[in-house]
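Per-entry structural report
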Amino acid sequence: MARIRHYETMFIVKATLTEEETKAQIEQVIANIEKNGGEIVAKDDMGTRALAYEIEKNKRGYYFVIYFKAPSESILELERTYRINEEILRFIFIKYESKKDIAAWTGLSDDAAKRAAK
């Protein structure tokens, strides 16, 4: 059986999408995480921001962060779905392993949950 690990993923969706399309992209990512055995702990909607440099002729992007727990082998499938999706400009997965990292992850996810509750 695979070990459940703590992860953070941040992805940037094209800012040219409508609000409904952006929400649909976010829901699709959340559904993929849950379908692959992940448990969503917190979400942080960072909104539209300027990119540091142009990506595929886009100067702005919609940033979203998800804190979740999942089996380690599910990350490969999640990366594959990110790469296929043309509406996602960039993404990153961060794995938290040590006790110190997991404590930091817990603090970050708690902060994100508090911001989401407001």
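Further up the page is the structure itself.
Figured I'd write up the structure that's included with this text. (Residues numbered from 1 in each chain as written. Predicted model: local features only at pLDDT ≥ 70, side-chain atom pairs only at ≥ 80, totals over all residues. Heavy atoms only, no water.)

Tallied over the full model, the rule gives 7 salt bridges. Note that Glu 54 and Lys 59 form a salt bridge whose closest N and O atoms lie 3.8 Å from each other. With a closest N to O distance of 3.7 Å, Glu 97 and Lys 95 form a salt bridge. For Lys 95, a relative accessible area of 41% gives the class partly exposed. Overlapping salt bridges, with partners in common, bring together Arg 5, Lys 95 and Glu 97 in one network. (Salt bridge = Lys/Arg side-chain N within 4 Å of Asp/Glu carboxyl O. Buried < 20%, exposed > 50% of the residue type's maximum accessible area, 1.4 Å probe, protein only.)

Going through the model one piece at a time under the given rule, you end up with 7 aromatic pairs. Ring geometry for Phe 11 against Phe 64: centres 5.8 Å apart, planes inclined by 40°, an arrangement best described as tilted. Taken together, the positions of Phe 11 in strand 1 (residues 4-14) and Phe 64 in strand 3 (residues 58-71) put the pair 53 residues apart, joining distant regions of the chain. For Phe 11, a relative accessible area of 0% puts it in the buried group. For Phe 64, a relative accessible area of 6% corresponds to the buried category. Here the aromatic rings of Phe 68 and Phe 93 are separated by 6.4 Å at their centres, their planes lie at 80°, and the arrangement is edge-to-face. Taken as a pair, Phe 68 in strand 3 and Phe 93 in strand 4 (residues 88-96) lie far apart in primary sequence, 25 residues in all. For the pair Phe 68 and Phe 93, one class covers both residues: buried. (Phe/Tyr/Trp six-rings, centres within 6.5 Å; stacked < 30°, edge-to-face > 60°. Helix = DSSP H or I, 4+ residues; strand = E, 2+ residues; numbered from the N terminus.)

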